[in-house]
Structures are given as structure tokens and as C-alpha cells.
Amino acid sequence: MTSLTKLTLKAALDGLADKSFSSQELTQAHVEAVAAAKPLNAFVLETPEKAIEMAKASDARRAKGEAGALDGAPLGIKDLFCTEGVRSTACSNILGNFIPTYESTVTANLWRDGAVMLGKLNLDEFAMGSSNETSAFGPVINPWRSEGSNAKLTPGGSSGGSAASVAADLCLGATATDTGGSIRQPAAFTGTVGIKPTYGRCSRWGVVAFASSLDQAGPIAKTVEDAAILLKSMSGHDAKDSTSLDIDVPDFPSFVGKSVKGLRVGIPKEYRVDGMPAEIEKLWEQGIAWLKDAGCEIVEVSLPHTKYALPAYYIVAPAEASSNLARYDGMRFGLREEGANLTETYENTRAAGFGPEVKRRILIGTYVLSAGYYDAYYLKALKVRRRIADDFDQAFEKVDALLTPTAPSAAFGLGENADDPVAMYLNDIFTVTVNLAGLPGMSIPAGVDVNGLPLGLQLIGKALDEGTLFSLGGAIEKAADFKAKPAKWW
Amino acid sequence: MAIDAATVRKVARLARIAEPEEKLEQLASELNGIMTWIEQLSEVDTDGVEPMTSAVHMPAPMREDVVTEGGDASKVLSNAPKTVDGFFVVPKVVE
């Protein structure tokens, strides 16, 4: 039944609807694919028994004519989402064997619509990283390899497990989260589609917090349409998240395939950065040509504060993280390392539980928030953040969406950027602006580089205008006709 | 201004993370690298700019001041490192 894992989510839902196969058969095929893909290290916890049980329940619902929008579809869940009764770790030793007694709103929405959980997916510790190398469970290996090479490549991060498992056909789609690019960069590195919706679309309740004003959940999927189906289920108002938007969820799938004729697409000139590989520049030109052919009007726009987005992010995100991660004190849950007194117990617990990158960010966050530096760093960064958001507001007076590359390179080798934090941070140069402004952004696989590795194009939309992104993303997907898949080596 | 070992020691203390003395110099150098890169923000003219504290264009919602969940101590305690008789056990706080 391996062919069942090759299906898109949409095709699988259609097959379930016309009784070509049962959810139990579909789920069994994916459970076997997951079990056989250990070398990828994409899953940190497999839940095959739960999956089969959920699949049986789905088949029973369908037999009664009560199937939901995702009924019977096996998905992977990033281990940043709390799942009731199923270990949730954020891939940090400090959460150890944490077993939530509650379910995150986003995953609860997926189960409400009938989805099946295959297990929990690997990520950078607390979603802090761009290569999955900071995970306490070790890095995920990208299913893609350079042609003629066996070198291990990163699937990107932080949602590396989500991206790798979708690319390797281990699941029909996966949940992910994006604080500075953690959905879109891994999607670009693995030839998958990823969308970070407008801040406030998806509830953050039950998602382990990193930087609360930037964190947003979204799907990684095989196609633009699959991403639209998943996002529709994940979204919706939730009183338990005070930043959750109390507005209707559009029928996102209905936007895929809509004509994009007459839409104005902006090309921000500041995204042409020094040292960008010629292939990415070329792919961007190709994307522009595709959209022109589809009837879009291309407009050059300026986002003058783009280069300040990453440094501003590396104040705002660590500051929020240092505050959010103060809860890991060894008292109520998670790891505890005893010391001679209370303070020492705190210090030992956090020293033993957090990895080096998380500690580094907590220290930066604590430093920029500390007495004497708050105005110079934190307040300054919040003002620059406003400037960046204003840039977008001005651009969107002239255009309906923006087109940029997703990442400044294709997937790189494990360990390549590990010694230089700033070099690693530069991975998010094209994605982080969107988080600061709270806008939706989507990555679509659009081509391969000289080594046969996938490259992505990013669409940025107006707040709450994911619909236009799904239409434009569908147009790029159709024109690119990206069919390449990683050769199975695992 | 450069971050030295003494600053790292102080910040690590504030953050309640035990960092061994022998690691302070290396951490200072890493943090300096990052903060030097961040310094470029000083180039941006932000006079009269309102700090942006939220990406959501809406007032914070109000809700009824009522208990919505609770009353299940066993759930609350289920992940605690140490418990006795339905309580968290923590190190002595007051001498």
C-alpha cells in the first residue's frame, strides 16, 4: 500500500470519500512509512496505536455519514504543540517527559475535523534555530541530497521534522510554527509548501511559547491546495488566546485556482542582497515572468528598512523568550536539578535543561531588558519594528502582494553554519520581516538548483489576505510544475 | 560597549542559569559578536516613532471575571517533579 503515501491530502480525502480505501488502510501505510524512516530522525515520538485507533473511529464516522473536512487523514504534529496524554517536549531536555493534560487549540481543531495523529515531529529546541541542529533529539536529516553526494543536509528549521516528513511522504501534512521563518525556510529547503498566516489567525493556546508577539502556527503541505485545506481547519477564534482574531475563517481552498489576472505584485528591491546565489536571482526572475504570464501587473516597490529586520528581531524575540522561558524553574513541571538553596536549584535546573542556543538567546534577552539597556535596545527595536511595518503598509497601497525568494540559499550541510550564530540567523533574512509586521507569508517550491536541491519563492500578503496568497501560490505552482521528489535512501 | 565576563556573570545570574566561570569569556565573545551586529539599529531614525508592541490591530479583549476551568489538583500536579498530599514540594524559601 506504499502508493497511498504518495497521494496529496486532497487526493487522499477524495479517495476516502469515494471509499477507494479506508482511513485504516491509509493510516497503516503512513505508520509503516514513518517506522521505516528512522534515519531521517523526523519523528521524536511515534504514536502508531493511537493513529490506528483514530483511523478506525474515522472510518466509523464516515460509515455513518458524519465525516469532517479532514476525516481519516494522517498528519504529523510539531512537538511544540501540546497534545493531551502524549509527551510534548519542544525538543528540550527541560520539558523532559512532560505529558500535557490538555490539548492545544490548533490540534483540537484538527481532531474536531477528523484528522489522525501519526506522532510528534522534531524541531529546533523551543523553535530556536534554522537547521534543526539545536534539538535535544539531534538534527533531522533532509530527505533531499545533492546529486552525486551522500552528505547529510539540513531540512531547515525550526519546523525541520514537519518539512522533512511531508517531503518524504511520511504524512499527508504537518503542523508547524513560524516565529522568524520556521515554516517557510524549511518548506523551501524540502520542496514543500508552507504558509504562516496573519498573526492572530491560529490560536497560540497550548503551543509552547517562544516569542509571543511573533509566534504563529501554520501548515506544511505537499501542495498549495493541501495547505489551504489544513489552514482552514487550524484557524479560528479562541477565547483562550487574547490575541486570537475574532473573525470568520475564509474558505481558503476556494481561492486556489482562481484567476490572478489584474493583481498587482510588488518586487521589493531591497531583497536583492549581496552574495545571493545567481540561481535564486534567476528563479525570482522566473517567478516574475510566470506571474506576468498569468496576467499580473509587476510593480517595483521599496521596503527601505528591510536590512534592519533581523537585528530588530534578535532583540525582540530573545527579550520575549527570556520572559516566556522564565516559567521553566523546575518547580511545577519538567526537569529539576537540586541545589543547596532555591536559587541554586533554579540555576542548576536551567543550566542542565536548556541547550546552548536557548541559553544564548535567554542571556541576550535578559541583557537587552536589564536596567540601563532597555531603552537603548528593546525600545529602539520596537520602534524599528514599527518602521518595518510602515514600509509594508506603504507598499500595500500600491500592490496586492509581494514576491521574493524564501531563503538566501538551498539546504546546506549539517554543521556548516553551526559555529557562527549570526551566519545562521541570516537564513531568515527574507522571512523575518513578515513576522515583525504580523503579515501572512507563503513559500512555494519553484525549482531546483545546480545540485538538484529545491528552492522556494515567497509570497507576502496584506493582513488577513491569505486568500490572495493561495490564488497567487496556485498560479506559481501551476507554472512551476514542480514534480521533483527526493530519491529514497532511508 | 563591550560585554565582558563580569556582565555575562551578572546577566546569567539574572536569568537564573548557572554558567561555569571558565565559560564566561567565550560567552562574552559570542554575545559581543551578536550585539555588535545588532548595533546597526542605531542608524535608523526613530524620532517620534511609536514603539510597536503588538502585531494585532485590535484592543485587548475583555472577558467575564469567572472561573472557567479548575478544581482538578491531580491534573495540575501530574507533571510535578515532587509532590506530597496534593501539594508541590519546593526547596525551602524562608529560613
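Each value, and the rule that gives it
Residues numbered from 1 in each chain as written. Chains lettered and ligands numbered in written order. Predicted model: local features only at pLDDT ≥ 70, side-chain atom pairs only at ≥ 80, totals over all residues. Helix = DSSP H or I, 4+ residues; strand = E, 2+ residues; numbered from the N terminus. Rg over C-alpha atoms; globule rule 2.2 N^0.38 Å. Buried ≥ 20, exposed ≤ 12 C-beta atoms within 10 Å, placed from the backbone. Contact = placed C-beta atoms within 7 Å. Arc of directions from axis to C-beta. Axes fitted to C-alpha atoms, helices over the stretch in contact; angles between N-to-C directions. Parallel < 35°, antiparallel > 145°, perpendicular 65-115°, else oblique. Left-handed = near helix turned anticlockwise from the far one by under 90°. Nonpolar A, V, L, I, M, F, W, Y, C, P; charged D, E, K, R; others polar. Core = buried A, V, L, I, M, F, W, Y, C linked by C-beta atoms within 7 Å. Expected span 1.5 Å × (residues − 1). Pairing = 2+ DSSP bridges. Right-handed = clockwise from strand over helix to strand, strands pointing away.

A. Region of the structure containing the overall build of chain B. A tally of regular secondary structure across chain B gives three helices and two strands. Relative to a compact globule of 95 residues, whose C-alpha radius of gyration would be 12 Å, chain B shows 23 Å and is clearly more extended. Principal-axis analysis of the C-alpha atoms places the extent of chain B at approximately 55 × 45 × 25 Å. Considering chain B as a whole, with its 95 residues, one finds that 18% of them fall into the buried category.

B. Expanded view of the overall build of chain A. If you tally the helices and strands in chain A, you get 15 helices and 11 strands. Computed over the C-alpha atoms, the radius of gyration of chain A is 21 Å, within 12% of the 23 Å expected from 2.2 N^0.38 for a compact globule of 490 residues. Taken across its 490 residues, chain A has 61% of its residues classed as buried.

C. Geometry of the environment of Ser322(A). Examined against the element boundaries, Ser322(A) turns out to sit in helix 9 (residues 309–324). In the structure, Ser322(A) is positioned 216 residues away from Val106(A) in sequence and 25 Å away in space, judged by C-alpha atoms. For Ser322(A), the residues in contact, after removing those within four places along its chain, are Ile362(A), Gly365(A), Thr366(A), Leu369(A) and Ala15(B).

D. Quick look at the interface of chain A and chain B. Taken together, the contacts link 52 residues of chain A with 40 residues of chain B. Top element by residues in the side of chain A that touches chain B is helix 12 (residues 374–395) of chain A. It accounts for 10 residues.

E. Expanded view of helix 1 (residues 9–17) of chain A. Looking at helix 1 of chain A, one finds that the buried residues are Leu9(A), Ala12(A), Leu13(A) and Leu16(A). Down the axis of helix 1 of chain A, the buried side of the element spans an arc of 100°, and every buried residue falls inside it.

F. Main features of the packing of helix 9 of chain A against helix 12 of chain A. Residues and elements named next belong to chain A. At their nearest, the axes of helix 9 and helix 12 sit 9 Å apart, and the two run at 125° to each other. As the angle between them shows, helix 9 and helix 12 are arranged oblique. The two elements helix 9 and helix 12 cross, and the hand of that crossing is left-handed. Along its contact with helix 9, which presents Ala 309, Ala 312, Ile 315, Val 316 and Ala 319, the element helix 12 presents Tyr 377, Tyr 378, Ala 381, Leu 382, Val 384, Arg 385 and Ile 388. Taken together, the residues that form the contact of helix 9 with helix 12 break down as 11 nonpolar, no polar and one charged.

G. Inspection of the nonpolar core at higher detail. Membership of the largest hydrophobic core comes to 168 residues, with the highest contact counts inside it found for Leu75(A), Ala312(A), Ile315(A) and Leu363(A). No other element matches the 10 residues that helix 9 of chain A contributes to this core. Each residue touching Ala312(A), except ones within four places of it in the same chain, is listed here: Ala381(A), Val384(A), Arg385(A), Ile388(A), Leu436(A) and Leu41(B).

H. Spotlight on helix 3 (residues 48–63) of chain A. All names here are of chain A. With 16 residues, helix 3 ought to run about 22 Å at 1.5 Å a step, and its terminal C-alpha atoms sit 22 Å apart, in line with that. By the burial criterion, the buried members of helix 3 are Ala 51, Met 54, Ala 55, Ser 58 and Asp 59. The buried side chains of helix 3 occupy one side of the element, clustering within an arc of 145° when seen end-on. For helix 3, the exposed residues set more than 90 degrees away from the buried face come down to Glu 49, Ala 60 and Ala 63. If you follow the buried residues of helix 3, they end up packed against helix 2 (23–35), strand 2 (74–78) and strand 3 (116–121). With its phi angle positive at about 75°, Gly 65 sits one or two positions after the end of helix 3.

I. Quick peek at unusual backbone geometry. For the peptide bond that leads from Gly157(A) to Ser158(A), omega is 10°, which places it in the cis range. Note on placement: Ser158(A) falls in the loop between strand 3 and helix 5 (160–167). Backbone geometry places Asp481(A), a non-glycine residue, at a positive phi of 50°. Notably, Arg16(B) is not glycine yet its phi reads approximately 55°, a positive angle. Among the structural elements, Arg16(B) can be located in the loop between helix 1 (5–14) and helix 2 (21–38).

J. Broad picture of the pairing of strand 8 (residues 297–301) of chain A. Residues and elements named next belong to chain A. Of the strand pairs in this sheet, strand 7 (residues 264–268) and strand 8 are connected by five bridges, and their pairing is parallel. Bridging from a neighbouring strand, Arg 264 pairs with Glu 297 of strand 8. Each parallel crossover has a hand, and the one from strand 7 via helix 8 (residues 278–293) to strand 8 is right-handed.

K. Region of interest: the pairing of strand 3 of chain A. Residue and element names in this part refer to chain A. Of all six residues in strand 3, six are buried; the element is thus mostly enclosed. Bridge count between strand 1 (residues 43–46) and strand 3: three bridges; the pairing is antiparallel. Looking at strand 3, one finds that Leu 45 is bridged to Lys 120. Bridge analysis of strand 2 against strand 3 gives five bridges, and the strand direction is parallel. Considered in strand 3, the bridge of Gly 76 is made with Gly 119. Of the crossover connections in this fold, the one passing from strand 2 over helix 4 (residues 105–112) to the parallel strand 3 is right-handed.

L. The packing of helix 9 of chain A against helix 2 of chain B, seen in detail. Look at helix 9 of chain A against helix 2 of chain B: their axes get within 9 Å of each other, and the N-to-C directions meet at 125°. With respect to helix 2 of chain B, the element helix 9 of chain A is oriented oblique. On the side of helix 9 of chain A, the interface is formed by Pro311(A), Tyr314(A) and Ile315(A), while helix 2 of chain B contributes Ile34(B), Trp37(B) and Ile38(B). Across the contact of helix 9 of chain A with helix 2 of chain B, the residue classes break down as six nonpolar, no polar and no charged.

M. Quick look at the environment of Ile288(A). Residues and elements named next belong to chain A. Within the secondary structure, Ile 288 sits in helix 8. The partly exposed category is assigned to Ile 288, around which 16 C-beta atoms lie within 10 Å. Sequence spacing of Ile 288 and Gly 160 is 128 residues, and the spatial spacing of their C-alpha atoms is 28 Å. Those residues within four positions of Ile 288 in sequence are excluded, and the remaining contacts are Ile 267, Ile 298 and Leu 403.

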